[in-house]
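# Examination of the molecular architecture
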Amino acid sequence: MDIKKFFQTEKKYTKGLLPHEWVIIGYALLTLAVIMVCATSYANPEAMIWTRVKLVTATLGLWGLYRLVPCRIMMFIRIVTQVILLGEWYPDTYEINSILPNLDHIVASWEQSLFGYQPAQIFSETMSQWWFSETMHIGYASYYFLLVTIPLLYFINHYQEFQRTGFIILTSFFLFYLFFDMVPVAGPQYYFQAIGLDKVAAGVFPEMGTYFSNHQECLEIPGVHGPFRYLVQIAHDAGERPTAAFPSSHVGAATVVFFLAIRYCRIRHSWKTMYWYTPLYVSLCFATVYIKAHYAVDALAGLVFGTVFYFSLSQIYNRLEHR
């Protein structure tokens, strides 16, 4: 591999903002308008506004650095930094939707009607063996690994597809975040803790109003104690909030990357990447329900949304590229 090509100045490069950067700025401005209108309803609107100022400034700063040094490695930093900054945008959905009435009772009722029970509660109780528990937590922990490795493979082996990959992944996330801003569903780990497991077993799902705007207590992550359960617990404690359950962005984003992995393999004429990606993707989808982060219908909705986002955004990028 020729390392020098990553640092060589690109002769032809996009001088303006990239499509996904316009999406980020647009999302920041749209949610800023919501915050300004509903400022008196939020506990700390100044912090929410400041978050947007910082993240938009970072976006413009990365663009400026690339203009100064227009090379592949700077493009990599420009896009991957935005993937890392998703960790700043995610908990912000909780701040925005906390003033809206919680909808877990509706999603839990769908779950009960569809299955006759709550898979998120029964799954971990039925499959409590150490090996299965760790398999589920490996799948869940692999989420961040999958999000980074597929773009990295494109960057190294098919750089001409790297910007397209970044656009599809990042725009998908902001579409999910926009949905979460408007649809406040906390997920089983928070809702079951709030209503009590006796009501869950009885199939009784009361409305919670804006309860979660002041409460973030949740059930303990299920499974036998092991190294990967410990990693999931650390990630959960660091950034999880009672928000963003429906649809599952874990499943949705992993589905988007799954299709990107398929495209990568077709370009390479080799399916080796799918040998490790597929089992991690499948275990992640099940793990979101196993650890009670999501209802089963959340995971199913994430699969649908992720598929729609991938193909829709692929078409949009193709049109932008050929304007």
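The shown structure was predicted, so the numbers you read here are calculated from the model rather than taken from an experiment.

Secondary structure summary: the protein contains 13 helices and zero strands in total. Ordered by position from N to C terminus, the α and β elements of the protein give α-α-α-α-α-α-α-α-α-α-α-α-α. The C-alpha atoms of the protein give 20 Å as radius of gyration, which agrees with the globular expectation for 323 residues (20 Å, within 12%). Looking at the protein as a whole, 51% of its 323 residues qualify as buried. Considering only residue pairs separated by 6 or more positions, the protein has 83% of its internal contacts joining residues 24 or more positions apart. Taken as a whole, the protein presents about 15200 Å² of accessible surface, with 66% of it coming from carbon and sulfur. Counting 21 positive and 21 negative side-chain charges, the protein places the averaged centre of each group 19 Å from the other.

It is worth spelling out a nonpolar patch on the surface at this point. A cluster of nonpolar side chains, namely Leu 114, Phe 115, Tyr 117, Ile 122 and Leu 300, defines an oily patch on the protein surface of about 450 Å² accessible area. By secondary structure assignment, the location of Leu 114 is in helix 4 (residues 104-115).

Turning our eyes to something else, we now look at unusual backbone geometry. Phe 246 connects to Pro 247 through a cis peptide bond whose omega is -10°. By secondary structure assignment, the location of Pro 247 is in the loop between helix 10 (227-239) and helix 11 (249-268). The backbone of Ala 244 sits at a positive phi, close to 60°, despite the residue not being glycine. Assignment of secondary structure puts Ala 244 in the loop between helix 10 and helix 11. The class of Ala 244 is buried, set by a relative accessible area of 3%. Located in the positive-phi region is His 269, a residue other than glycine, with phi close to 60°. Its place among the elements puts His 269 in the loop between helix 11 and helix 12 (272-290).

When two helices pack together, their arrangement is given by the angle between the helix axes and the distance between those axes. For the pair helix 1 (residues 19-37) and helix 2 (residues 45-68), interaxial distance at closest approach is 10 Å and the crossing angle is 165°. The angle between helix 1 and helix 2 places the two elements in the roughly antiparallel class. Considering only the axes of helix 1 and helix 2, their crossing is left-handed. Listed contacts from helix 2 to Glu 21, Ile 24, Ile 25, Ala 28, Thr 31, Leu 32, Ile 35 and Met 36 of helix 1 are Pro 45, Met 48, Ile 49, Arg 52, Val 56, Thr 59 and Leu 60. Looking at the contact of helix 1 with helix 2 residue by residue, the class counts come to 11 nonpolar, two polar and two charged.

Okay, the nonpolar core next. By size, the foremost hydrophobic cluster in this structure holds 98 residues, and its most contacted members are Trp 89, Phe 173, Tyr 177, Tyr 191, Leu 260, Tyr 277 and Tyr 295. With 12 residues, the single largest contributor to this core is helix 11. Not counting chain neighbours up to four residues away, the residues in contact with Tyr 295 comprise Asp 104, Val 107, Ala 108, Glu 111, Gln 118, Val 185, Gly 187, Pro 188, Tyr 191, Phe 192 and Val 289.

Before going further, it helps to spend a moment on the side chain of Arg 78. Looking at the secondary structure, you find Arg 78 in helix 3 (residues 72-97). The class of Arg 78 is buried, set by a relative accessible area of 1%. A polar contact is formed between the side chain of Arg 78 and the side chain of Glu 21, at a distance of 2.7 Å. Excluding anything up to four places from it in sequence, Arg 78 contacts Thr 14, Gly 16, Leu 17, Leu 18, Glu 21, Leu 62, Trp 63 and Tyr 66.

The next point concerns the packing of aromatic side chains. Within this structure, the stated rule accounts for 41 aromatic pairs. When the centroid spacing of 5.4 Å and the interplanar angle of 40° are considered together, the rings of Phe 167 and Tyr 317 count as tilted. Here Tyr 317 lies in helix 13 (residues 296-321) and Phe 167 lies in helix 7 (residues 162-182), a separation of 150 residues in the sequence.

The next point concerns the side chain of Ser 172. Considering the arrangement of structural elements, one finds Ser 172 in helix 7. Residues in contact with Ser 172, not counting those within four places in the same chain, are Phe 167, Val 256, Phe 309 and Leu 313.

This brings us to helix 10. Compared with the 18 Å implied by 1.5 Å per residue over 13 residues, the 19 Å span of helix 10 between its first and last C-alpha is a close match. Taken together, the buried positions of helix 10 are Arg 229, Val 232 and His 236. Projected down its long axis, helix 10 shows its buried positions confined to an angular sector of 60°, all on one face. In helix 10, the exposed positions that point more than 90 degrees away from the buried face belong to Pro 227, Tyr 230, Asp 237 and Ala 238. Buried residues belonging to helix 10 abut helix 6 (130-157) and helix 8 (188-195).

A separate point is the pattern of salt bridges. By the definition in use, this model includes five salt bridges. Across the salt bridge formed by Glu 21 and Arg 78, the nearest N and O atoms sit 2.7 Å from each other. Placement of Glu 21 in helix 1 and of Arg 78 in helix 3 is noted, with a sequence separation of 57 residues between them. Its relative accessible area of 0% is what places Glu 21 among the buried residues. A network of salt bridges, in which partner residues are shared, links Glu 161, Arg 164 and Arg 263.

Parameters at a glance
Residues numbered from 1 in each chain as written. Predicted model: local features only at pLDDT ≥ 70, side-chain atom pairs only at ≥ 80, totals over all residues. Heavy atoms only, no water. Helix = DSSP H or I, 4+ residues; strand = E, 2+ residues; numbered from the N terminus. Rg over C-alpha atoms; globule rule 2.2 N^0.38 Å. Buried < 20%, exposed > 50% of the residue type's maximum accessible area, 1.4 Å probe, protein only. Contact = heavy atoms within 4.5 Å. Areas by Shrake-Rupley, 256 points an atom, 1.4 Å probe, with all protein chains shown as cover. Lys, Arg positive; Asp, Glu negative; His and termini not counted. Charge placed at Lys NZ, Arg CZ, Asp CG, Glu CD. Patch = residues over 30% accessible without salt bridge, like charges linked within 9 Å, V, L, I, M, F, W, Y side chains within 5 Å. Salt bridge = Lys/Arg side-chain N within 4 Å of Asp/Glu carboxyl O. Axes fitted to C-alpha atoms, helices over the stretch in contact; angles between N-to-C directions. Parallel < 35°, antiparallel > 145°, perpendicular 65-115°, else oblique. Left-handed = near helix turned anticlockwise from the far one by under 90°. Nonpolar A, V, L, I, M, F, W, Y, C, P; charged D, E, K, R; others polar. Core = buried A, V, L, I, M, F, W, Y, C linked by side-chain atoms within 4.5 Å. Polar contact = N/O pair within 3.5 Å; in protein donor to acceptor, adjacent residues only side chain to side chain. Phe/Tyr/Trp six-rings, centres within 6.5 Å; stacked < 30°, edge-to-face > 60°. Expected span 1.5 Å × (residues − 1). Arc of directions from axis to C-beta.

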